[in-house]
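Residue-level structural notes
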Amino acid sequence: MAALHQREPLPHFSFRDHRLWRYILLTSILLIFLLFTGSLSPHDPLSAATTTNADERPNIKTSHSILHSIHARAGGGGGGWGKRKKNDDPVQWLKQNSDLEPHLPRSRTTKRPRAALISLVRNEELDGILQSMRDLELRWNGRHRYPWIFFNEKPFSEEFKAATSNATDSQTEYHVVPRDHWRTPSWIDQDRYMDALEYLGTIGVGKGHMLSYHSMIRWQSLWFYHHPALESYNWYWRVEPDVKFFCDIPYDPFGFLQQNNLVYGFNMAILDDARSFTSLWSVTRAFIENHPQLLHPEADLDWLLDPDNGGEYNNCQFFSNFEIGSLDFWRSKGPSKYAEWLDHSGGFFYERYGDAPVHTLALAMFAAKRDVWFFRDVGYQHDIARHCPPASARLSLHSSSEHDEHRARQPGCECEPTSLDANFYKLVPMESPQVKPADTCIRLWLGGEWLAKKEGWKQDVERAFGGDGYGGYVLGGL
Ligand SMILES: Nc1nc2c(ncn2[C@@H]2O[C@H](COP(=O)(O)OP(=O)(O)O)[C@@H](O)[C@H]2O)c(=O)[nH]1
Ligand SMILES: [Mg+2]
């Protein structure tokens, strides 16, 4: 003891001195914080913009930059579902075809896409669908007058018909879903189905306990495109009650998809609650094994399969309550055979195979990635999921003279921009134990530079400090 006592009066820091530990701790926290926020990274996007050659610089400021990079990633060339010519450029199309002038059909024979706004909706949801119609008519359809086609498993009330037809200058149609498309198919074991409803309700899978919800997802996955009312149409835009459209849309998305040979457009790619479709991937894998010849030559499932989770489906989905797409695509052999296969597995009933993951997997199997378009410029909200384009993704109108410049109204947007990664796991409840992929769904879909991380950034370190683990991207996307 005496010897120890003699060694103790040492300079300022001894190993027992808690001031030393405090100093080490604070320094480490500061270092980790700097690494974690990217402040030490030489690849910080802002510093890169001042030091790199203009051609190599991430194009984060230019108007349409997000749209451009999507297109660059998707590539040109033929071989897609629609055969795009090498020099076709959808972004160029948008620039050349954007205005806020009326594009009303001059006659029934006017050459424009055979397209309709479609909505499966209940009589009780009248106020909600009127809200959606008001927004879409104001922001877009008032200038284009595409018809509205409503579907319901029950006849629409006179009140519903009167109010919705008053809400638009376009033609409206009201159709009943055929009974066979709505009722539970004969091969479903009713007891097992009832047990499943109870189970899904108990674990809190959204709306999984509702009989009608299961008929609805099956219809949206398998039947809507076979409805006779859509037989003469090639394109649809799905609209749900109570959704919001925040921005003027200065072009015709139907014409855009058709003329650029695209098959589908979305504006949110986000995670779904994996507990609602536990067998979806194994049933899908079995379909692929049994029908390899039906897959598109450039089918690309990579962005949907998680290498860190045994190559399982990562539960990313195009949030399909907003979708604009080709009816011919869904009616083609691959997608319709796949939907029938899923139907016979019973997953629309014993589980809750949503039309969103089903459509997403189908697009990855039966279309090339470049056939799908990210409508980053469309401001939209469904429940808690909200998508609002940043200035860099909003379209502006170009005019040839200064005079026009003053006259032309620029498209407006009434929302606060949301980041690219907003909404990513909003649908996943806290109690869901599912493994989240290492990158956000939209970035997995975009790929390339959108996945690049700041140097030194580590996901687990970010999480250890209370972050969600998705804050390390070089390109912010705002
Ligand atoms: N006619 C009819 N429409 C339904 C029924 N259930 C859902 N829908 C419609 O199907 C769409 C999706 O339903 P919703 O409840 O919004 O599901 P969520 O978006 O997954 O929460 C909406 O357009 C609903 O109006 C139903 O039983 N009958
Ligand atoms: Mg909804």
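Residues numbered from 1 in each chain as written. Chains lettered and ligands numbered in written order. Predicted model: local features only at pLDDT ≥ 70, side-chain atom pairs only at ≥ 80, totals over all residues.

Using the following cut-off: UniProt positions are given in the numbering used here, feature names are shortened, and annotations may be inferred rather than shown by experiment.
By the naming in an unreviewed UniProt entry, the protein is Mannosyltransferase, taken from Exophiala oligosperma. The Sequence similarities (unreviewed entry) comment attached to the protein in UniProt states, word for word, "Belongs to the glycosyltransferase 15 family."

1. Focus on the overall build of the protein
The cut-off we apply is this: A helix here means a DSSP run of H or I that spans at least four residues, while a strand means a run of E at least two residues long, and both kinds are numbered starting from the N terminus. A pair of residues counts as a contact when their C-beta atoms, built from backbone coordinates, are within 7 Å of each other.
Of the regular secondary structure elements, the protein holds 18 helices and 14 strands. Of the contacts formed within the protein by residues at least 6 apart in sequence, a portion of 80% connects residues at least 24 apart.

2. Details of the nonpolar core
Threshold: By definition, a nonpolar core groups buried Ala, Val, Leu, Ile, Met, Phe, Trp, Tyr and Cys residues that are joined through C-beta atoms within 7 Å. We call a residue exposed when 12 or fewer other C-beta atoms sit within 10 Å of its C-beta, buried when the count reaches 20 or more, and partly exposed for counts in between; the C-beta positions come from the backbone. As annotated, the domain borders come from an automatic or database domain assignment.
Ranked by internal contacts, the top residues of the largest apolar core, which has 99 residues, are Tyr-236, Phe-266, Ala-269, Ile-270 and Cys-441. Broken down by element, the residue count for this core peaks at 8 residues, all from helix H15 (residues 355-366). Counting contributing residues, this core receives three or more from each of domain 1 (111-392 + 413-446) and domain 2 (449-477). Ignoring any residue separated from it by four or fewer positions in sequence, one finds Tyr-236 in contact with Ala-115, Ala-116, Ile-118, Leu-230, Gly-325 and Leu-327.

3. Examining the sheet that holds strand S4 (residues 235-238)
Counted only if it meets this: When DSSP finds two or more bridges between two strands, those strands count as paired. Orientation is described by axes fitted as lines to C-alpha atoms, over the contacting stretch for helices, and by angles from 0 to 180 degrees between their N-to-C directions.
Sheet architecture is open: 7 strands sit in the order S3-S2-S1-S4-S11-S6-S12, paired in mixed fashion. Of all the strands in the sheet, just strand S3 (172-176) and strand S12 (372-374) have a single pairing partner and so form its edges. Going from strand to strand, the sheet's axes swing by 20 degrees on average, the running direction of each strand aside. For strand S2 (residues 148-152) and S3, the ladder comprises 5 bridges, and the chain directions are parallel.

4. Some thoughts on the confidence of the model for the protein
How we decide: What pLDDT conveys is the predictor's confidence in a given residue, as a value from 0 to 100.
Confidence in the prediction of the protein, expressed as mean pLDDT, is 85, and 79% of residues score 70 or more. Overall, residues 1-16 carries pLDDT values under 50, and its contacts beyond four positions in sequence, including any with other chains, amount to 2 contacts. Across residues 34-80, where pLDDT falls below 50, the model places 78 contacts with residues more than four positions away in sequence or in other chains.

5. Digging into the sheet that holds strand S5 (residues 244-245)
Pairing in this open sheet of 3 strands is antiparallel, and the strands run S5-S13-S14 from one edge to the other. Since the sheet does not close on itself, it has two edges, and those belong to S5 and strand S14 (385-387), each with one partner. Direction of pairing for S5 relative to strand S13 (residues 380-382): antiparallel, over a ladder of 2 bridges. Each residue of the ladder has a partner; that of Lys-244, found in S13, is Gln-381.

6. Looking at the site of ligand 1
Quick reminder of the rule: As used in this record, a residue near a molecule or strand is one whose C-beta atom, placed from the backbone, is within 6 Å of it.
Taken together, 13 residues sit near ligand 1, with Val-121, Asn-152, Ser-212, Met-216 and Glu-240 positioned nearest. Those elements that place two or more of their residues in the shell around ligand 1 are strand S1 (115-120) and helix H10 (211-223).

7. Here we look at the packing of helix H14 (residues 333-345) against H15
In a packed pair of helices, the relevant descriptors are the angle between the two axes and the axis-to-axis distance. Note the cut-off: In these notes the angle categories are as follows: under 35 degrees is roughly parallel, over 145 is roughly antiparallel, 65 to 115 is roughly perpendicular, and the rest is oblique. Each crossing gets its handedness from the near helix: less than a right angle anticlockwise from the far helix is left-handed, clockwise is right-handed. Side-chain classes follow a simple rule in which Ala, Val, Leu, Ile, Met, Phe, Trp, Tyr, Cys and Pro form the nonpolar group, Asp, Glu, Lys and Arg form the charged group, and the remainder, Gly included, forms the polar group.
Running from N to C, H14 and H15 point in directions that differ by 135 degrees, and their axes come no closer than 10 Å. Put simply, H14 runs oblique to H15. In the crossing of H14 with H15, the sense of the turn from one axis to the other is right-handed. Across from Gly-334, Pro-335, Tyr-338, Ala-339 and Leu-342 in H14, the residues of H15 making contact are Val-358, Ala-362, Met-365 and Phe-366. The residue inventory of the contact of H14 with H15, partitioned by class, reads 8 nonpolar, 1 polar and no charged.

8. With respect to the environment of Asp-371
Structurally, Asp-371 can be placed in the loop between H15 and S12. In this structure, the C-alpha to C-alpha distance between Asp-371 and Leu-257, residues 114 residues apart in sequence, is 9.0 Å.

9. Some points on the pairing of strand S11 (residues 323-326)
With burial as the criterion, each face of S11 is covered, one bearing Glu-323 and Gly-325 and the other bearing Ile-324 and Ser-326. Pairing of S4 with S11 involves 4 bridges; the strand directions are antiparallel. From the neighbouring strand, Trp-235 faces S11, where its bridge partner is Ser-326.

10. Description of the environment of Asn-267
Topologically, Asn-267 is positioned in the loop between strand S6 (264-266) and strand S7 (269-271). Among residues more than four places away in sequence, those in contact with Asn-267 are Phe-322, Phe-374, Phe-375, Arg-376, Val-378, Tyr-380 and His-387.

11. Remarks on the pairing of S4
If a strand is regular, its side chains alternate between the two faces of the sheet. As defined by bridge partners, S1 adjoins S4 across 4 bridges and the pair is classed as parallel. Residue pairing in the sheet places Leu-117 in a bridge with Trp-237 of S4.

12. Structural notes on unusual backbone geometry
Phi at Asn-315 takes a positive value of approximately 70 degrees, unusual for a residue other than glycine. By the element assignment, Asn-315 lies in the loop between strand S9 (312-313) and strand S10 (316-318). Classification of Asn-315 by C-beta neighbours within 10 Å gives buried; the count is 29.

13. Some remarks on H14
The α-helix advances 3.6 residues per turn, and as a result positions three or four apart in sequence lie on the same side. For the record, the criterion: Every helix has an expected span of 1.5 Å times one less than the residues it contains.
Along its 13 residues, H14 runs 18 Å from first to last C-alpha, staying within 8% of the 18 Å computed at 1.5 Å per residue. The elements touched by buried residues of H14 are H10, helix H12 (280-290), helix H13 (327-331) and H15. With its phi angle positive at about 85 degrees, Gly-346 sits one or two positions after the end of H14.

14. Looking at helix H6 (residues 126-144)
Taking 1.5 Å per residue, 19 residues should reach 27 Å; H6 reaches only 23 Å between its end C-alpha atoms and comes up short. Among the residues making up H6, those that are buried are Ile-129, Ser-132, Met-133, Asp-135, Leu-136, Glu-137, Arg-139, Trp-140, Asn-141 and His-144. Tucked into the core, H6 has its buried residues touching S1, helix H7 (158-166) and S5. Remark: Arg-145 follows H6 within two positions and exhibits a positive phi of approximately 55 degrees.

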